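# Chains, contacts and geometry: an overview
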Amino acid sequence: AVDLFEHMNELNTRLQGKGTFAHEMYSTVKAFKVKLKLFSRQLSQNIKTHFPTLETMAPQMMSTEKYTNRISAPDNEFARRFADFQKLAAEFDILSSPFTTDFEKAPDALQLELIDLQCDSTMKEKFQSESIDKLYASLIESKFANLRKMAMKLLVLFGSTYICEQTFLTMNINKTKLRSNLTDVHVQSLLRISTSDMQPEFKQLVDNFDRPQMSH
């Protein structure tokens, strides 16, 4: 249990932090599930390489069945808890590797756009140097409408637990005397600003007003 919890704590740490997107979390979870299978297989052969505490406490195990059974329990639980992520596996692959994914196996609505993207050397270079959210945000909407829509759905709707916790804290912090006057739109805008690194284009916002109130 000590060794297994240490591996799970490492997984938990890797799933935390700002800027962790759903496809990255899914890759981390997939890797951990493969590790669990490795642990189970090795323990059945009395190999305790990744379980140093167990090696110390039980150097000569007569039976490994109870240990392999302990490993299968979290494996099944991960499959249940991340079932929704599994349904999006194909979209995650396209999102993270748009230039190497097989466009013929992609959904019909994305095939032509993927071909255009993969043949665009400028965008390919951008993919190597920019973050994935900035890459998809820079796509021309008229040319890559479906790719942008898919990316925004996955990048915006699925945030890390760090963002969830930060949002919860923001909701508690913003208990002002005017909170009863806040509409759903106000709250949504406040949460988006407080949990985003994006800097408002104040000059552009002011320029868009015909008669801005400069005193405010």
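As a reminder, the structure under discussion sits directly above these lines.
Overview of the structure.

About the cut-offs
Along every chain, residues carry numbers that run from 1 in the direction the sequence is written. At least 70 in pLDDT is required for a residue's local features to be given in this predicted model, at least 80 for side-chain atom pairs to be given and counted, and no such filter applies to totals for whole chains, interfaces and linings, which use all residues. Excluded from the side-chain calculations are hydrogens and water; all other atoms, namely the structure's heavy atoms, are used. Strands here are runs of E lasting at least two residues and helices are runs of H or I lasting at least four, both read from the DSSP assignment and numbered beginning at the N terminus. Side-chain atoms alone can form a polar contact between residues adjacent in sequence; in general such a contact is a pair of N or O atoms within 3.5 Å, and within protein one must be able to donate a hydrogen while the other accepts it. Here, axes are lines fitted to C-alpha atoms. For helices the fit covers the stretch in contact, and angles between N-to-C directions go from 0 to 180 degrees. Roughly parallel here means an angle under 35 degrees, roughly antiparallel means over 145, roughly perpendicular means 65 to 115, and every remaining angle is called oblique. Each crossing is labelled by how the near helix is turned from the far one, with a counterclockwise turn of less than a right angle marking it left-handed and a clockwise turn marking it right-handed. Contacts: residue pairs with any heavy atoms within 4.5 Å of one another. Under this grouping Gly is polar, as are all residues other than the nonpolar Ala, Val, Leu, Ile, Met, Phe, Trp, Tyr, Cys and Pro and the charged Asp, Glu, Lys and Arg. In this scheme, patches are assembled from residues that exceed 30% relative accessible area and form no salt bridge. Like charges are connected within 9 Å, while nonpolar side chains (Val, Leu, Ile, Met, Phe, Trp, Tyr) are connected within 5 Å. Here the open area of atoms and residues is found with the Shrake-Rupley method and a 1.4 Å probe, where only the protein chains shown may cover a residue. A pairing counts as a salt bridge when a side-chain nitrogen of Lys or Arg comes within 4 Å of a carboxyl oxygen of Asp or Glu. Three exposure classes are used, based on accessible area relative to the maximum for each residue type with a 1.4 Å probe and protein chains only: buried under 20%, partly exposed in between, and exposed over 50%.

## A look at the side chain of Lys48
Within the fold, Lys48 resides in the loop between helix H2 (22–44) and helix H3 (52–57). Reaching out from Lys48, the side chain makes a polar contact with the side chain of Asn46 at a distance of 2.8 Å.

## Here's the deal with the packing of H2 against helix H6 (residues 89–96)
As a packed pair, H2 and H6 sit with axes 10 Å apart at the nearest point and diverge in direction by 115°. By the angle between their directions, the pair H2 and H6 is classed as roughly perpendicular. Crossing angle aside, the handedness with which H2 passes H6 is left-handed. On H6, the residues that touch Ala22, His23 and Tyr26 of H2 are Ala89, Phe92, Leu95 and Ser96. Looking at side-chain class alone, the contact of H2 with H6 contains 5 nonpolar, 2 polar and no charged residues.

## Considerations on a nonpolar patch on the surface
On the surface, Leu182, Val187 and Leu190 cluster together into a nonpolar patch covering about 200 Å² of accessible area. Tracing the backbone through its elements, the reader meets Leu182 in the loop between helix H11 (161–173) and helix H12 (184–194).

## So, the pattern of salt bridges
Summed over all chains, the structure comprises 3 salt bridges. Between Lys48 and Glu55 there is a salt bridge, with the nearest N and O atoms lying 3.8 Å from each other. On the accessibility criterion, Lys48 (5% relative accessible area) is buried. Accessibility expressed as a relative area gives 35% for Glu55, which makes it partly exposed.

## Regarding the packing of H2 against helix H4 (residues 65–81)
In contact at an axis separation of 9 Å, H2 and H4 are set at 165° when each is read in the N-to-C sense. Overall, the two elements H2 and H4 adopt an arrangement that is roughly antiparallel. Crossing geometry of H2 relative to H4 is assigned as left-handed. Here H2 contributes Val29, Phe32, Lys33, Leu36, Lys37, Phe39, Ser40, Leu43 and Ser44 to the contact with H4, which in turn contributes Tyr67, Thr68, Ile71, Pro74, Asp75, Phe78 and Ala79. For the contact of H2 with H4, the residue count by class is 10 nonpolar, 3 polar and 3 charged.

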